[in-house]
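The chain contents come next:
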Amino acid sequence: MVAVSALLMSALISPDANAKPAYALTAGEGAAESLGYASEVPTFSWKLPESVKRQTAFQIEVRQENKTLWDSGWINSDQSTFVRFGGAPLTSRQHVQWRVRFRDENGHEQAWSPFAQLETGLLSAKDWKAQWIRPSQTAEAAEPVGYLRRQFTADKEISRARLYVTARGIFEMEINGQRVGSDHFANGFTVYDKRLDTLTYDVTKLLKRGENSVQGKLGTGWYAGRYPFGTKQIGPYGKDTGLLVQLEITYADGSSQTVASDGQWEGTYVGPIVSSSLYDGEIYDARRQSKDWAPVTATHELGEARLTPKPFAPVRETQTVTPVKISVTQSGGYIFDLGQNLVGWARVKIPVEANQSVTLRFAEMLKDDGTLYTENYRSAKSTDVYTAATSGEIVWEPRFTFHGFRYVELSGLPKNAKPQNDWVTGIVLHSDLPTIGSFDSSHAKLNQLQSNIVWGWRGNSLDIPTDCPQRDERAGWTGDAEVFCATALYNTDSHAFWKSWLGSLRDDQDADGGIPDFVPSAKHKGRAHSPGWMDAATIIPWDVYVRTGDVEVLAENFSMMEKLVGWYRGQTVDGLLPKIKGYGDWLQPYSKPAPGEHDWAGDKRGDTPPPLLGLAFYGRSAQILADSARVLGRNDDAKKYADEAATVRANFTRQYFDANGKMQNAPETQTGYVLAIAFNLIPAELKAKAGENLARLVAEAGGHLRTGFLGTPFLTAALDETGHADVAAQLLFQDSYPSWFYPIDQGATTMWERWNSYTRDRGFGDVAMNSFNHYAYGAIGQWMYERVAGLTPDAAQPGYKHFIVRPLIVSQLEHARAELDTPYGKASSAWKKQNGKVAIDVLVPPNTTATFESPDGAPAKILEPGPHHFEVATK
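Residues numbered from 1 in each chain as written. Predicted model: local features only at pLDDT ≥ 70, side-chain atom pairs only at ≥ 80, totals over all residues. Heavy atoms only, no water.

Draft legend 1. The packing of aromatic side chains, seen in detail. Tallied over the full model, the rule gives 57 aromatic pairs. Judged by centre distance (5.6 Å) and plane angle (45 degrees), the ring pair of W457 and F484 falls under tilted. Pair noted here: W457 is in helix α3 (residues 444–459) and F484 is in helix α4 (residues 478–491), with a separation of 27 residues, a long-range link. Centroid distance F852 to F870: 4.1 Å. Interplanar angle 10 degrees. Geometry classified as stacked. Of this pair, F852 sits in strand β44 (residues 849–852) while F870 sits in strand β46 (residues 866–873), placing them 18 residues apart in sequence. Directly above the ring of W293 sits R149, whose terminal nitrogen or CZ lies 3.9 Å from the centroid. (Phe/Tyr/Trp six-rings, centres within 6.5 Å; stacked < 30°, edge-to-face > 60°. Helix = DSSP H or I, 4+ residues; strand = E, 2+ residues; numbered from the N terminus. Lys NZ or Arg CZ within 6 Å of the ring centre and 35° of its normal.)

Draft legend 2. Structural context of the side chain of S530. Along the chain, the position of S530 falls in the loop between α5 (495–508) and α6 (536–548). When residues no more than four places from it in sequence are discounted, the contact partners of S530 are G582, Y583 and G584. (Contact = heavy atoms within 4.5 Å.)

Draft legend 3. Looking closely at unusual backbone geometry. Backbone torsion omega between V519 and P520 reads -5 degrees, so that peptide bond is classified as cis. Considering the arrangement of structural elements, one finds P520 in the loop between α5 and α6. A cis amide bond links Y737 with the next residue in sequence, P738, at an omega value of -10 degrees. Notably, R474 is not glycine yet its phi reads approximately 55 degrees, a positive angle.

Draft legend 4. Quick peek at the state of the cysteines. Counting across every chain of the model gives 0 disulfides. You can see C468 has no disulfide; the closest cysteine sulfur is in C485, sitting 19 Å from it. By relative accessible area, C485 is classed as buried at 0%. (Disulfide = S-S within 2.5 Å. Buried < 20%, exposed > 50% of the residue type's maximum accessible area, 1.4 Å probe, protein only.)

Draft legend 5. Seen up close, the sheet that holds strand β6 (residues 83–84). Taking strand neighbours across the sheet as the criterion, the 3 strands line up as β1-β3-β6 in an open arrangement whose pairing is antiparallel. Only two strands of the sheet have a single partner each, and these edge strands are β1 (23–27) and β6. Pairing analysis gives 2 bridges linking strand β3 (residues 43–47) to β6, with the strands arranged antiparallel. Note that in β6 the partner of T43 across the bridge is R84. (Pairing = 2+ DSSP bridges.)

Draft legend 6. Highlighting the sheet that holds strand β7 (residues 95–103). Strands sit in the order β2-β8-β7-β4-β5 across an open sheet of 5 strands; the sheet is mixed. Taken across any chain shown, the strands that pair with only one partner, and hence form the sheet edges, are β2 (35–37) and β5 (67–71). Sheet twist, expressed as the average angle between the axes of neighbouring strands with direction ignored, equals 40 degrees. Alignment of β2 against strand β8 (residues 116–120), held across 2 bridges, turns out to be parallel. Its bridge partner being in β8, Y37 is matched across the sheet by T120. (Axes fitted to C-alpha atoms, helices over the stretch in contact; angles between N-to-C directions.)

Here it is, written out as structure tokens:
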């Protein structure tokens, strides 16, 4: 009997010849880059092949060359995400490889995965031997581009070379005349006086034995350029840019050489890029060759800012867009219509005449007379100029500016030149965040809405989450980010992106616990301390946690959350927030504020009083803080903050709702009801009544929304939760003003700042605030994924370890489908009306489960991994 048992056990744990190993091995937040990893204690994640139901055990092996750094041994666990490295902390420059194997639901041992590579960057300021350098001359332009260079000799066979770089400003590097990497606007935008991201590049193949040269271009960017807003002030973080470079070469014989930025470098401001401004564009003169080289100004002190490897993918060119139409202007120029509002720049392939300048102007819209509408750019010139050295054809694009545009106007071309379609190519630039989700339906406008949401996010994820990409703003507004984060996480793998930006929130948090209106704040003195904006500090960490399962995002930000909740607590008077101000329910349509209450903002702040909004978000943030404490095992804190959240809810209910679930002591607004329901601020017995009142207000508005930036993202969910899914669907498919479809009927290809930023009958809206690429109202995408298609995460088992499938079968659609590449693999929910029934297909990834809540009200079913098919009767 013992022998038989041994044979049986051996069969169970022996590798299956037909088994497939784990795949998609990632470290940390799953960024594709393993070079320049940012942590000394990585976490490891992997996915299981679709043939496997679940994992019952795993083993991880981490090696450096032939030495094992850590062997976890077999661990009986189904955990396949964020498994923490158990060896000695990694050090700077350390290159390791790791692999994993697992046992399936039957105990069968699977084969080892292929090795994944990981190499740390420079993890400490002590690793930097370089000095800050910049050209020593005085620049002529307000936003100049510096040129820096160094010659050196590599006299042996090269085995490996790494280039470590950061900047006070934005940089581009070359070695021996060849560009290093494909990044743009590196090193990105952080709170520069607190943190500077560093980049790591493998430049082994760019070097040669013998004489070499390393060159750098250095732009002002966000650090020393004109930022933020319409100010003419240059240099929010400093007047002088700086470059920090460390080239480390390892030779085949084991020796090494370091070429670092120091006083041996040369620099100049005289070069073909005369100036380059994020807001105003780039001026390029091909006649100006780099000259007047002189020894650089070098600074030994690295400064107080932390030097940390960039934790997410930099900005890159991700696609190109070609013109769909060319028109001629009255002045003899040409306007190229790309057919899509986008963010990036124009690559031009054009004929030029020596000593003549070609001007490129950009716009999101055209006026009725066919000319560019640029008034909404405010003080941003958004103009590029190229001056030719010789006659002929050139291919050119800028380096240190970007534009938000659909239309490109070219002027100054040779008189006899005939425009060609390939003269202009739209280059799409944004943080290189992989697409992980898709939504599709039978409704053309709903599909266009999804496209607009995706393009809006694409254009506003240029290193930080911006509100708009075209005018003299382009700031990381916390309120916009807070409402859109969940939708962003459905469409792109933006885990590391959000986690990094939250680090900037921590760096920029005020001493009293308040959060700036936009981050990085560029030392801007304005602090509205606005409810719904500040709460990005609590809501975004929770959204990231729920959708990724990353507990670390809560741990890193817990102190920031506590300080914010403490700020609210410190503003209370008898449990209320009577003195709180802020932006209100920003841009609520048909707002009628009380006279004198809204000063400069006019009617932009909406009808819902700031004290009500403040208490609502106080309650929401306090509850998130309590939930986060529970997840982190901080039980005393969890009870303390849960009690605080309960007190806020009780005060909110007492002040703002009567026994019939009707608002009191404040104007009755859709947003007031929405937040009470969505944030669970009122008792369960009042929720249904509040939902009835909300539905009544929608009906009184003719089936339209009357919510702004704070209420709109939760509107359909609040109606749906209280039994008014039909009203929610009516709002989603509404096409008259204000509605999600209304801008589409006006020609929108991105989300707009206002529902009526442009109308075919009335023209353009308020020029002072009229962005045609503003993602906040795209937050409806979350409800489209979660309810229209049916993929909803479960906060109790985050990261889609368990999720809920509850598709909403609406009369306006024949079918809908959503797919999502979760941390465990692909999940999908699709439904289609056919033959008097609804066919529903669900895919559950390995190592997860799902609960299926049927639209016909049948008992819920627990779904195991794999495909599932249901047919239910239509109502």
